[in-house]
Amino acid sequence: EHRPQVNVAVVVHKYDYSPQTHFVYKGNRNGARTVRNLLAHMQETKIKPGILIVDRGIMGKPIIDETKAMGWDLLGGIANGSEMEKGILSKTDVPELPSTYVKESKAGPIYAVSVKGKIFKEIRSLVIYTNAEKAMRERESRNRDLRIIGKALSHLSVKGDAWAEAKLHDNINKVIGPWRSYIDVRVKRGGVKPRIEWTFRERHLQMASETDGKYLLLCTDETMDASDAVETYFSKD
């Protein structure tokens, strides 16, 4: 059923959480227009500009430019899986040292470093934070699922020994699902057995492991160090 919904934001003080103002969202609360309207409302209330923290889903050049134009700084995550995000994460090592330690989280210790990187067509201040325990779980989950898929493909090769090529391809796609980038699969013709030949893409797996447990933040306040940026970002919840 389509039921009416009202979304309200309450702006609170950073230290004592006392209410400063409220804002009723019009439309999608994660949309770019909503952030623009929120900033306009903040100007009307005469609240001193500070840092606006946003989720990954709405971070982009228009939001960055509009926020800066209104005198505010912006802190937010870059969408997971984007090519620019994966490129920066894979090239940056986050050492586990006292100088990079941020805090202990429910998912394990957090470490972070500040870097410069080209994102949204400009060189910007970025923060990369990582969680070794979460990285291990991500790697284990991926390896487990791919191992299961590999066994399923080998079983399918025997089961589909007499199947038409189109039927084999259809079933292969169902088995692999969203994991295709990690597996090379070929269906042999001319009665050659086994019908299905497959291998893991080691290079793609290595690239994936280089980004496990890593996350990218953009902060337009260049005076904020990596630890402060991560702490501030986590405080939005």
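Quick note: structure is the one above.
Remember, it's a predicted structure, so these values are computed and weren't measured experimentally. Here the residue numbering is sequential within each chain, running from 1 through the sequence in written order. Where totals are concerned, whole chains, interfaces and linings use all residues; where local detail is concerned, this predicted model gives features only for residues with pLDDT of at least 70, and gives and counts side-chain atom pairs only at 80 or more. Note that water and hydrogens are dropped before the side-chain values are worked out from all heavy atoms of the structure.

Draft legend 1. Geometry of helix α4 (residues 132-159). Counted at 1.5 Å a residue, the expected span for α4 with its 28 residues is 40 Å, and the 40 Å between its end C-alpha atoms agrees. Among all positions of α4, only A135, R142, L146, I149, G150, L153, L156 and S157 are buried. Contacts are assigned to residue pairs that have any heavy atoms within 4.5 Å of one another. By the criteria applied, helices consist of DSSP H or I runs no shorter than four residues and strands consist of E runs no shorter than two, each listed in order from the N terminus. Considering only its buried residues, α4 is in contact with α5 (165-176), β8 (183-187), β9 (196-200) and α6 (202-209). Between the side-chain oxygen of the N-cap and the backbone nitrogen of E133 there are 3.0 Å, and the N-cap of α4 in question is N131. Expected span, for any helix, means 1.5 Å times one less than how many residues it has. Exposure classes here rest on a 1.4 Å probe applied to the protein chains alone. A residue is buried below 20% of its type maximum, exposed above 50%, and partly exposed in between. Under this definition, polar contacts are N or O atom pairs within 3.5 Å; protein pairs additionally need one hydrogen-donor-capable and one acceptor-capable atom, and for neighbouring residues in sequence, both atoms have to be side-chain atoms.

Draft legend 2. Representation of the pattern of salt bridges. In the sections that follow, a salt bridge refers to a side-chain nitrogen of Lys or Arg positioned within 4 Å of a carboxyl oxygen of Asp or Glu. One pass over the full model with this rule turns up 14 salt bridges. Salt-bridge contacts for R124 lead to E122; the nearest nitrogen and oxygen are separated by 3.8 Å. Owing to a relative accessible area of 36%, E122 belongs among the partly exposed residues under this scheme. The partner of D212 in a salt bridge is R139, and the shortest N-O contact between them spans 3.1 Å. In this pair, D212 sits in the loop between α6 and β10 (214-219) while R139 sits in helix α4, placing the two residues 73 residues apart along the sequence. Residue class for R139 comes out partly exposed when judged on its relative accessible area of 29%.

Draft legend 3. Representation of the pairing of β10 within the structure. Most of β10 is tucked away: six of the six residues are buried. Residues K214, L216 and L218 point to one face of β10 and Y215, L217 and C219 to the other, with burial holding for every one of them. For two strands to be treated as a pair, DSSP must find no fewer than two bridges joining them. Bridge count between strand β4 (residues 73-77) and β10: three bridges; the pairing is antiparallel. Paired with L75 across the two strands is C219, which belongs to β10. When strand β7 (residues 122-130) meets β10, the two strands line up antiparallel, connected through five bridges. Note on β10: the bridge partner recorded for T130 is K214.

Draft legend 4. Here's a closer look at α6. Every buried residue of α6 is accounted for by L205, A208 and S209. Angularly, the buried residues of α6 cover 100° about the axis, an arc narrow enough to put them on a single face. On its buried face, α6 sits against α4 and β9. Directions pointing from the helix axis toward each C-beta atom define the arc.

Draft legend 5. Looking closely at the packing of aromatic side chains. To pair, rings of Phe, Tyr and Trp, with the six-membered ring standing in for Trp, must have centres within 6.5 Å; the planes then decide the type, stacked if under 30 degrees apart, edge-to-face if over 60, and tilted in the middle. Applying the stated criterion to the full structure yields six aromatic pairs. When the centroid spacing of 5.6 Å and the interplanar angle of 75° are considered together, the rings of Y101 and Y111 count as edge-to-face. Within this pair, whereas Y101 is found in strand β5 (residues 101-105), its partner Y111 is found in strand β6 (residues 108-119), the two being separated by ten residues in sequence. Between Y129 and Y215 the ring centres are 5.2 Å apart and the planes differ by 25°, which places this aromatic pair in the stacked class. You can see Y129 sitting in strand β7 and its partner Y215 sitting in strand β10, a full 86 residues away along the chain. Taken together, the aromatic side chains of Y129, Y215, Y233 and F234 make up a single cluster linked through ring pairs. One residue, K167, lies across the ring of W163, its end atom 4.3 Å from the ring centre. By definition, being over a ring means that NZ of Lys or CZ of Arg is both within 6 Å of the ring centre and within 35 degrees of the ring normal.

Draft legend 6. Spotlight on the sheet that holds β5. Taking strand neighbours across the sheet as the criterion, the six strands line up as β3-β4-β10-β7-β6-β5 in an open arrangement whose pairing is mixed. Either end of the sheet is taken by a strand with one partner, and the two such strands are β3 (51-54) and β5. Across the sheet, the mean angle from the axis of one strand to that of its neighbour is 25°, orientation sign disregarded. Contacts between α4 and the sheet are confined to β6, β7 and β10, with β6 contributing the most and set at about 85° to the helix. Here an angle of 0 to 180 degrees is reported between the N-to-C directions of two axes, which are lines fitted to C-alpha atoms, with helices fitted over the stretch in contact.

Draft legend 7. Structural detail: the nonpolar core. As used here, the term nonpolar core means buried Ala, Val, Leu, Ile, Met, Phe, Trp, Tyr and Cys residues forming a set that is joined through side-chain atoms within 4.5 Å. Ranked by size, the top nonpolar core spans 28 residues in total, and within it L52, M59, I119, I128, L216 and L218 carry the most contacts. If you list the elements that add at least two residues to this core, you get β1 (8-12), α1 (32-44), β3, α2 (61-69), α3 (83-91), β6, β7 and β10. Excluding its chain neighbours within four sequence positions, the residues that come into contact with I128 are I88, L89, T92, V94, Y111, A112, V113, V115, Y215 and L216.

Draft legend 8. Representation of the pairing of β5 within the structure. As paired elements, β5 and β6 share four bridges and run antiparallel to each other. Each residue of the ladder has a partner; that of Y101, found in β6, is Y111. Joining the antiparallel neighbours β5 and β6 is a turn of two residues.

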